Amino acid sequence: MSYTYLEKQTALIVKLAIIHLLTALLLSSCSNSTPKEEKPKDFTWSIQDTTATLLLPGGTEIPFTWCPPATFTMGDDQHPTRTILPHHPAHKVTLTRGFWISPQPVTQQQYLALSDKKKAAGASSAPQTAVTWVNARDWVELLNTKNEKMRFRLPTEAEWERACRNGREGADLFEWTHDFAAPYPSSHTTDPPGPESGSRKALRGQADCVARYQFEPELTWSRIGFCIVAAPAPLTPSSPAPP
């Protein structure tokens, strides 16, 4: 056995030992390192029992509460009409699907989160007011382009009143609804989508579950805001109702 051969074998053993040592150190480092906590992605939708949260850019959140399906009496025959848009006749309405609704009007911070995160960071948590129906609709449509799991929209009058009767307090504001303003039907209706056409949109609110108002969709004033509802996308009659 030559001396050169022994040198080669020794060098090989040393290399293998070094490789083994480096591998052990690398594995030890990986096992002891703490994994980085991943931040939730913008527009993440999460459900916690009967509440849900939509995460907007900049960490802004929109909370939602679950309003289950129900049959209820919509409108009121017991009191004279207190507003321009009649709240009678009282009639039965059945909502076959539950829905998520924001318990408070959309805030200034939430409203700005879709367009300007820097301004949103310092914006107020007070309701976003002085918005036209068109403003509210466009904001919701922008929100829908960012989220594929849920679909958002303005509530129908029936959904708004159902949520109010179910305990949603909202605020002392007028809130836009999806519906055109029109007289109530007298018969029992199921999942009413609202009139197909009209010149004014129905407003609800002022801490009153029954009172109805109407306003041109392109106009507004300082006491008008809006809330939103959410449903699984796509929404079909066979969609399972969470939770």
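Within every chain, residues take consecutive numbers counted from 1 along the sequence as written. For this predicted model, a pLDDT threshold of at least 70 governs which residues receive local features, and a threshold of 80 or more governs which side-chain atom pairs are given and counted, while totals over whole chains, interfaces and linings are taken from all residues. The side-chain figures draw on all heavy atoms in the structure; neither hydrogens nor water molecules are used.

1. Here we look at the overall build of the chain
Point 1. A count of helical and extended segments in the chain gives 5 helices and 13 strands.
Point 2. Remark: exposure states derive from per-residue accessible area (1.4 Å probe, protein chains only) relative to the maximum for the residue type, with buried under 20%, exposed over 50%, and partly exposed in between. Classification of the 243 residues of the chain by burial places 39% in the buried group.
Point 3. Whether two residues are in contact is decided by their heavy atoms: any pair within 4.5 Å suffices. Here the analysis covers contacts within the chain between residues at least 6 apart in sequence; of these, 67% occur between residues at least 24 apart.
Point 4. Using a 1.4 Å probe, accessible areas were evaluated by the Shrake-Rupley method; residue-level cover was limited to the displayed protein chains. Surface exposure of the chain reaches about 13,900 Å², of which carbon and sulfur atoms provide 57%. Starting at the N terminus, helices and strands are each numbered in turn, a helix being any DSSP run of H or I of at least four residues and a strand any DSSP run of E of at least two.

2. What about the packing of aromatic side chains?
Point 1. Any two of the Phe, Tyr and Trp rings considered here, Trp counted by its six-membered ring, make a pair once their centres fall within 6.5 Å; the pair's planes then place it as stacked at under 30 degrees, edge-to-face at over 60, or tilted in between. Taken as a whole, this structure holds 11 aromatic pairs when the rule is applied.
Point 2. Here the aromatic residues Trp 45, Phe 64, Trp 66, Trp 100 and Phe 152 are joined through ring pairs into a cluster of three or more.
Point 3. In our convention, an over-ring charge means Lys NZ or Arg CZ found within 6 Å of a ring centre and within 35 degrees of that ring's normal. A cation over a ring is seen here: Lys 201 above Phe 180, with NZ or CZ 3.6 Å from the ring centre.
Point 4. Above the ring of Tyr 184, the side-chain terminus of Arg 212 is found at 3.8 Å from the ring centroid.

3. Focus on the sheet that holds strand 6 (residues 99-101)
For sheets, the rule is that strands pair by backbone hydrogen bonds, running either parallel or antiparallel.
Point 1. Each pair of strands is called paired provided DSSP finds at least two bridges between the two strands. Sheet architecture is open: 6 strands sit in the order 1-2-3-6-13-7, paired in antiparallel fashion. Two strands lie at the open edges of the sheet, namely strand 1 (45-48) and strand 7 (150-153), each paired on one side alone. Averaged over all pairs of adjacent strands, the angle between their axes in this sheet comes to 30°, without regard to strand direction.
Point 2. Note that strand 2 (residues 51-55) and strand 3 (residues 61-67) share 5 bridges and pair antiparallel. Its bridge partner lying in strand 3, Thr 51 is registered against Thr 65.
Point 3. Where helices are involved, their axes are fitted lines through C-alpha atoms of the stretch in contact, as for all axes, and angles between N-to-C directions lie from 0 to 180°. In the packing of helix 4 (residues 133-146) onto the sheet, the strands contacted are strand 2, strand 3 and strand 7, and the crossing angle to strand 7 comes to about 175°.
Point 4. Contacts from helix 5 (residues 157-165) reach strand 3, strand 6, strand 7 and strand 13 (229-232), with the element oriented near 75° to strand 6.

4. Structural notes on the pattern of salt bridges
Point 1. For salt bridges, the criterion is a side-chain nitrogen of Lys or Arg within 4 Å of an Asp or Glu carboxyl oxygen. Tallied over the full model, the rule gives 8 salt bridges.
Point 2. Two residues, Asp 138 and Arg 137, come together in a salt bridge whose shortest N-O distance is 3.0 Å.
Point 3. Across the salt bridge formed by Glu 175 and Arg 168, the nearest N and O atoms sit 3.0 Å from each other.
Point 4. You can call Arg 168 buried: its relative accessible area is 11%.
Point 5. Here the salt bridges share partners, and the residues they tie into one network are Glu 157, Glu 161, Arg 165, Arg 204 and Arg 212.

5. Regarding the pairing of strand 10 (residues 201-205)
Point 1. The buried fraction of strand 10 amounts to 5 of the 5 residues, a majority that puts the element mostly inside the structure.
Point 2. Here strand 10 shows two buried faces, one formed by Lys 201, Leu 203 and Gly 205 and the other by Ala 202 and Arg 204.
Point 3. Relative to strand 10, strand 8 (residues 174-180) runs antiparallel, the two being bridged by 4 bridges. Paired with Phe 174 across the bridge in strand 10 is Gly 205.

6. Points about the pairing of strand 13
Point 1. Sheet analysis places strand 6 next to strand 13, joined by 2 bridges and oriented antiparallel. Residue pairing across strands places Ile 101 opposite Val 229, the latter belonging to strand 13.
Point 2. Here strand 7 pairs with strand 13 via 4 bridges, running antiparallel. Residue pairing in the sheet places Phe 152 in a bridge with Ala 230 of strand 13.

7. Quick look at the sheet that holds strand 12 (residues 224-226)
Point 1. If you walk across this open sheet you meet the 4 strands as 11-10-8-12, and the pairing is mixed. For this open sheet the edge positions go to strand 11 (208-215) and strand 12, each flanked by a neighbour on one side alone. Ignoring which end each strand starts from, the neighbouring axes of this sheet average 45° apart.
Point 2. Its contacts with the sheet put helix 4 on strand 8, strand 10 and strand 12, and the angle it makes with strand 8 is roughly 80°.

8. Quick look at the side chain of Asp 208
Point 1. With respect to the helices and strands, the residue Asp 208 is situated in strand 11.
Point 2. Judged by its relative accessible area of 19%, Asp 208 is buried.
Point 3. We call two N or O atoms a polar contact when they sit within 3.5 Å, provided that within protein one can donate a hydrogen and the other can accept it, with sequence-adjacent residues counted only if both atoms are side-chain atoms. A polar contact of 2.8 Å, which involves the side chain of Asp 208, links it to the backbone nitrogen of Val 210.
Point 4. Those residues within four positions of Asp 208 in sequence are excluded, and the remaining contacts are Arg 82, Trp 160 and Cys 164.

This is a description of form; function is not addressed.
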